[in-house]
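As a plain string of letters, each chain reads:
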Amino acid sequence: MIIRARPKYFSLAKNQSAGLRNDNELFLSSGRSSLKFLVEQFSRFYRIKPTVLVQSFNCQVVLDACLEAGANVILMDIKLSDFSISYEDIVSLKPLPDMVLVTHYQGIPNSEYVKIAEYCKKKGIFLIEDLAQTYHSKINNVRVGTLGNVALHSFAIDKPFSCFEGGGLELLNISVGFKQKLSDEYASLPFESKFKTETDLAKLELFNSITCNAEFFKSFRNFKSVGFLVEQGLSVAFIKYFIGLRAVFSLFEKIYGVLSSFKRAGRIPLLKLCDEKVAEVSRQRACYEYEGREVENLERYLLKFGFEPNHYLDSDVHWNRYSFIEQTGLLIELLNSSGIEAGRFNWPTPLHKNKPQSHSVTWAGKLENSEYASKNIVNIPIWSDFFQNFSTEA
C-alpha cells in the first residue's frame, strides 16, 4: 500500500551523479515561493500592479502567492476535458490580464496550449506554465513548458521529482532585461538554512521508506507530524517503531494537529535552495524515463471493474497522479479496499469557495466546472508494485 503519490525516481537516483544544472532555472524554497518571487519582480520591473488570471480549480497556495506579491487575481473556470482554462474564456476577458497561469493538471496538457500561447504572445500577456504536476507531456507533438514565458516547478513530496520541499522557475521566453532583473534579485536572496536542508532530505528518505509497498505503516497519515519527529533528531529506527505503535502514534498525531492549528501561518518566505537539494532534483531528472506500464495496468484494472479510463486525443500524457471524474465514490472505496490511497486530493475546494476572500480577487462566471471537478475528481497514485504487476487474470 502507498500513501497518495510518491516520487518514482528517488530510489533510482541514489547512485546517479547529479545532472547538468540548467542555467535558465532558479531554485527556490517552494513552488509558491517561486510564483510569489516571479509576480513580485514582474510588478517591480514593469512598475504595475499586475492582474493574474488563475483557474479556480487550484491549490490555495497559488492564490496566496499572487496576493502576497501584490497582484490582483481573476479566477476562471476550467474545461472538464483537461481540468485547465479555455482559450475562449481568456479571449473573452476585457480588459486583458497582465499574466496568465496555465495549469497542466497531473500530467494532462492543456488541449488548447498552442492557441493560448500564440494568443498571449500576440497580445503581450505574460504566460506562466504551471508544471508542478507535469513533466514532458505533449499536445499535438508540442511539449509543455516550451511556449510560455516561464515554467513554474514544485519539488514537493507528491510531485514528479522531489527534495521534500522546493520549487523553481524555468526562464523560457522572456526579455533580456527582465531575465537579468530576475537573476540579479535571485542572487541577492538568502539561502534556506542548513538545518532545513538536512532535515528535508532526511524526511524524503524516511517518507520513501515508510510508504514503499514492502514496509507501509497503515497508521501513518500525516507526514507533518512525522517530519516534526525528524526535526527533533530522532533516529529513523525509533520513528518507525513509534509509528508502529498505532494507538500511541494516533494520539500523538491528534495532539500535534490540535497544537498546529493554533500556529499562525506566516508569509511565504523567499529563499534559495541549497546545492544539496538542487543536486537531488537533478539526479532524479537524470533518471527520468516514462514507460507507462503502471498506467496501462491501472486502466485494465478500471475496465475490469466497469470504470471507463481517460482518453486524450493528440496528447502524450505523462501522468503524475492518474485523475478523472467519478461521481459515485465507489472507485475510491474499491481502491482503498485494495490498499491504494486514492482520493480527492487535488483539489477538494475551488479557490472561489475558500474564505475569507480578498478585495483583490474577482472571478468570471459561475465557475460550475471547477465546483463539479472538486466534488468528483479522483486522484490515483500510479507508482506502485500493485499496478506494475496487476493482471486481469489475477
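Our structure's up above, just so we're on the same page.
Position labels on residues start from 1 in each chain and follow its written sequence. The model is predicted, so local features are restricted to residues of pLDDT at least 70 and side-chain atom pairs to those at 80 or more, both for listing and for counting; the totals for chains, interfaces and linings are taken over all residues. Side-chain numbers come from the whole structure's heavy atoms, not from hydrogens or water.

*Asks:* For this particular structure, what's the right way to read the nonpolar core?
*Replies:* Nonpolar side chains in soluble globular proteins generally cluster together in the buried interior. Only buried residues count toward a nonpolar core, which is a set of Ala, Val, Leu, Ile, Met, Phe, Trp, Tyr and Cys residues joined through side-chain atoms within 4.5 Å. Using a 1.4 Å probe on the protein chains alone, a residue whose accessible area is under 20% of its type maximum counts as buried, one over 50% counts as exposed, and one in between counts as partly exposed. In this structure, L35, F37, L38, V54 and F126 are the most contacted members of the largest nonpolar core, which totals 46 residues. Counting from the N terminus, the helices are the DSSP runs of H or I reaching at least four residues and the strands are the DSSP runs of E reaching at least two. In terms of residues, this core owes the most to one element, helix α2 (residues 31–46), which gives 5 residues. Any two residues whose heavy atoms approach within 4.5 Å at even a single point are treated as in contact. Discounting residues that sit within four places of it in the chain, V54 has contacts with V62, C66, V73, I74, L75, M76, L101 and L351.

*Asks:* In this structure, what is going on with the packing of helix α7 (residues 194–210) against helix α11 (residues 275–286)? I would like to understand it.
*Replies:* A pair of packed helices is characterised by two quantities: the angle between their axes and the separation of those axes. Every angle, taken between N-to-C directions, lies between 0 and 180 degrees, and every axis is a line fitted to C-alpha atoms, over only the stretch in contact when it is a helix. Across the interface, α7 lies against α11 with an axial gap of 9 Å and an inter-helix angle of 30°. Two secondary-structure elements touch here, α7 through K196, T197, D200, L201 and L204 and α11 through E276, K277, E280 and Q284. All residues other than Ala, Val, Leu, Ile, Met, Phe, Trp, Tyr, Cys, Pro, Asp, Glu, Lys and Arg, Gly among them, are scored as polar; the first ten of these are nonpolar and the last four charged. A breakdown of the residues in the contact of α7 with α11 according to their chemical character gives 2 nonpolar, 2 polar and 5 charged.

*Asks:* Is there a simple way to explain a nonpolar patch on the surface in this structure?
*Replies:* Taken together, the side chains of L234, F238, Y241, L245 and V248 make up a nonpolar region of the molecular surface, amounting to roughly 450 Å² of accessible area. You can see V248 is positioned in helix α10 (residues 246–261). A relative accessible area of 44% places V248 in the partly exposed class. Every patch collects residues that have over 30% relative accessible area and no salt bridge, joining them within 9 Å if they carry like charges and within 5 Å if they are nonpolar side chains (Val, Leu, Ile, Met, Phe, Trp, Tyr). All accessibility values rest on the Shrake-Rupley procedure with a 1.4 Å probe; residue burial counts only the protein chains present in the view. Any Lys or Arg side-chain nitrogen found within 4 Å of a carboxyl oxygen on Asp or Glu counts as a salt bridge.

*Asks:* Help me understand the sheet that holds strand β7 (residues 142–143) in this model?
*Replies:* Adjacent strands of a sheet form backbone hydrogen bonds with each other and so pair up, either parallel or antiparallel. Taken in spatial order, the 3 strands of this open sheet run β7-β6-β10, and their pairing is antiparallel. The two strands at the open ends of the sheet, each matched to only one other strand, are β7 and β10 (315–316). When DSSP finds at least two bridges between two strands, those strands are taken to pair. Sheet topology places strand β6 (residues 138–139) next to β10; 2 bridges connect them, and they run antiparallel. Note on β10: the bridge partner recorded for K138 is D316.

*Asks:* Explanation requested: the pattern of salt bridges in the structure shown.
*Replies:* Working definition: two side chains of opposite charge can pair if their charged atoms are close together. Under the criterion given, the structure shown has 17 salt bridges. Put simply, E68 and K36 hold a salt bridge, and the shortest N to O gap is 2.9 Å. One end of the pair, E68, is in helix α3 (residues 60–68); the other, K36, is in helix α2, with 32 residues separating them in the sequence. A single burial state applies to E68 and to K36, both of which are buried. K194 is the partner of E198 in a salt bridge, and the nearest nitrogen-oxygen pair spans 4.0 Å. Taken together, the positions of E198 and K194, both in helix α7 and 4 residues apart, correspond to about one turn of that helix. E198 gets classed as partly exposed once you look at its relative accessible area, which sits at 46%.

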